[in-house]
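Chain by chain, the residues run as shown.
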Amino acid sequence: MSYDGWILLTASLVGLVCGLVGALLILRRMAMMADAISHSVLLGIVIAYLVTRELSGAHMLLGAAAAGLLTAVLVQWLHARGVQQEASIGIVFTTLFAIGVVLIATQVGNAHLDVQHALMGEITFIPWETTRVPGLGEIPEAVLTLLIVLLVVGGLIAAFYKEWKITSFDPALAAALGIPVAFMHYLFMTMISVTAVAAFDAVGAVMVIAMLITPAAAAYLWTDRLSVLLLLSGLFGVLAAFAGYAAAWVLDTSISGSMAFATGVLFLISFLISPRHGLAARRLRAHAAAGRLKS
């Protein structure tokens, strides 16, 4: 595959897996947790590096998952003690992210890990960091990691589809039916953490946040069915990857930034023209209702 092909494949995998997880985030009204975890995983990555002195491997996923779970636990702990949910999220993620930044500045040294890299990623370097896979040959490490995460996340969503649906729409009913709501919540937080760190090195925190929230928010405007929401959210993530890469090539600018911007454009289009919840559709229905009243 060509250099551009690997970049597009990597970004598309990010868009697809983030879209699937993001759909559940939007349904659970937890969009800000994507922001929190996408930043706080930096602490897990840095600590994993300080322990192993390696910038790749399963320990990075484990460190990020631990940081994501710590974020979720601390947010829930503060909220249970009277702190508002939004304030809890802001306090926890800024504190953990700041600790990660301080550790980078004071402990990491000359390693290929810095704040700019954490925020914007280095997707242009993806094709050069390869690993050999039997039957596939040399492929970028990020592609292999994202493929594994996509299979795991997709498998968990399929395996617990009914549980995700019920706990997302009505947690009280789920608890009454005997579904372990707390377990599903922390499993979901783990999925977000692993997804975030799988995309973190390639595209940075900014694009991870954009891909987790915006394609799902756009898809939500088009449908009220969970299955369609999951499909559209992943599709919009992939579409944003291609559109953003084309814009970056034409404008000679940041690839990750352009892809994040493309998610916003897709949301704006959906907000304007989606047939159920779009601005134009709402105005048409309002005019039709006013006409019926006059008649």
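My aim in this report is to walk through the structure given alongside it, one point at a time.

Calculation criteria
- Residues numbered from 1 in each chain as written.
- Predicted model: local features only at pLDDT ≥ 70, side-chain atom pairs only at ≥ 80, totals over all residues.
- Heavy atoms only, no water.
- Helix = DSSP H or I, 4+ residues; strand = E, 2+ residues; numbered from the N terminus.
- Buried < 20%, exposed > 50% of the residue type's maximum accessible area, 1.4 Å probe, protein only.
- Contact = heavy atoms within 4.5 Å.
- Areas by Shrake-Rupley, 256 points an atom, 1.4 Å probe, with all protein chains shown as cover.
- Salt bridge = Lys/Arg side-chain N within 4 Å of Asp/Glu carboxyl O.
- Phe/Tyr/Trp six-rings, centres within 6.5 Å; stacked < 30°, edge-to-face > 60°.
- Lys NZ or Arg CZ within 6 Å of the ring centre and 35° of its normal.
- Core = buried A, V, L, I, M, F, W, Y, C linked by side-chain atoms within 4.5 Å.
- Expected span 1.5 Å × (residues − 1).
- Polar contact = N/O pair within 3.5 Å; in protein donor to acceptor, adjacent residues only side chain to side chain.
- Arc of directions from axis to C-beta.
- Patch = residues over 30% accessible without salt bridge, like charges linked within 9 Å, V, L, I, M, F, W, Y side chains within 5 Å.
- Axes fitted to C-alpha atoms, helices over the stretch in contact; angles between N-to-C directions.
- Left-handed = near helix turned anticlockwise from the far one by under 90°.
- Nonpolar A, V, L, I, M, F, W, Y, C, P; charged D, E, K, R; others polar.

**Here we look at the overall build of the protein chain**
Looking only at helices and strands, the protein chain has twelve helices and two strands in total. Starting at the N terminus and ending at the C terminus, the protein chain contains elements arranged as α-α-α-α-α-β-β-α-α-α-α-α-α-α. Relative to its 295 residues, the protein chain shows a buried fraction of 48%. For the protein chain, long-range pairs separated by at least 24 residues make up 70% of all intrachain contacts whose partners lie at least 6 apart in sequence. When the accessible surface of the protein chain is totalled, it reaches about 14,100 Å², and 69% of it is carbon and sulfur.

**Observations regarding the pattern of salt bridges**
For the structure on display, the rule yields one salt bridge. Residue E138 is joined to R132 by a salt bridge in which the shortest nitrogen-to-oxygen separation is 3.5 Å. On the basis of relative accessible area, E138 is assigned to the partly exposed category, the value being 41%. Judged by its relative accessible area of 60%, R132 falls in the exposed class.

**Considerations on the packing of aromatic side chains**
Taken as a whole and judged by the stated rule, the model has two aromatic pairs. Each ring, one from F267 and one from F271, has its centre 6.2 Å from the other, and the planes form 20°; the classification is stacked. Pair noted here: F267 and F271 are both in helix α11 (residues 255-273), with a separation of four residues, about one helical turn. Lying across the ring of F188, R28 places its NZ or CZ 5.0 Å from the centre.

**Details of the nonpolar core**
Residues M33 and F188 are the most contacted members of the largest nonpolar core, which totals 83 residues. In terms of residue count, helix α9 (residues 181-220) provides more of this core than any other element does, 18 residues in total. Here M33 is in contact with L25, T71, A72, V75, I89 and M189, once residues within four sequence places are set aside.

**Concerning α11**
Counted at 1.5 Å a residue, the expected span for α11 with its 19 residues is 27 Å, and the 27 Å between its end C-alpha atoms agrees. Among the residues making up α11, those that are buried are I255, S256, S258, M259, A260, A262, T263, L266 and S270. At the N-terminal end of α11, a side-chain oxygen is found 3.0 Å from the backbone nitrogen of G257, two or three residues along, and the residue is S254.

**Some details on the environment of R29**
With respect to the element layout, R29 can be found in the loop between α1 (3-27) and α2 (31-52). Judged by its relative accessible area of 75%, R29 is exposed. Note: C-alpha distance between R29 and S168 (139 residues apart in sequence) is 8.8 Å.

**Thoughts on the side chain of S270**
Relative to the assigned elements, S270 resides in helix α11. Under the relative-accessibility criterion, S270 is labelled buried at 2%. Separated by 2.9 Å, the side chain of S270 and the backbone oxygen of L266 make a polar contact. Dropping the residues within four chain positions of it, S270 is found in contact with A218, L221, W222, F236 and G278.

**Quick word on helix α6 (residues 141-159)**
The end-to-end C-alpha distance of α6 is 27 Å, a good match for the 27 Å that 19 residues give at a rise of 1.5 Å each. Within α6, the full set of buried residues consists of A142, V143, L146, V149, L150, V153 and I157. Each buried residue of α6 lies within a common arc of 130° when the element is viewed along its axis, so the set occupies one face. In α6, the exposed positions that point more than 90 degrees away from the buried face belong to L151, A158 and A159.

**A short note on a nonpolar patch on the surface**
A cluster of nonpolar side chains, contributed by F261, V265, F267, L268, I269, F271, L272 and I273, occupies part of the molecular surface with about 700 Å² of accessible area. Under the relative-accessibility criterion, F267 is labelled partly exposed at 30%.

**Concerning the side chain of T71**
Its place among the elements puts T71 in helix α3 (residues 58-80). In this structure, T71 is in contact with M33, A36, I37, S40, V92 and L96, ignoring residues within four places of it in sequence.

**Brief notes about the packing of α1 against helix α10 (residues 226-251)**
Axis angle and axis distance: for two packed helices, these are the angle between their axes and the distance between the axes, and together they describe the pair. Relative to each other, α1 and α10 sit at 145°, their axes nearing to 7 Å. Helix-helix and strand crossings are classified by hand; for α1 and α10 the assignment is right-handed. Where α1 abuts α10, its residues D4, I7, L8, A11, S12, G15, L16, G19, L20, A23, L24 and L27 lie against L226, L229, L230, S233, G234, G237, V238, A241, F242 and Y245. Classifying every residue of the contact of α1 with α10 gives 15 nonpolar, six polar and one charged.

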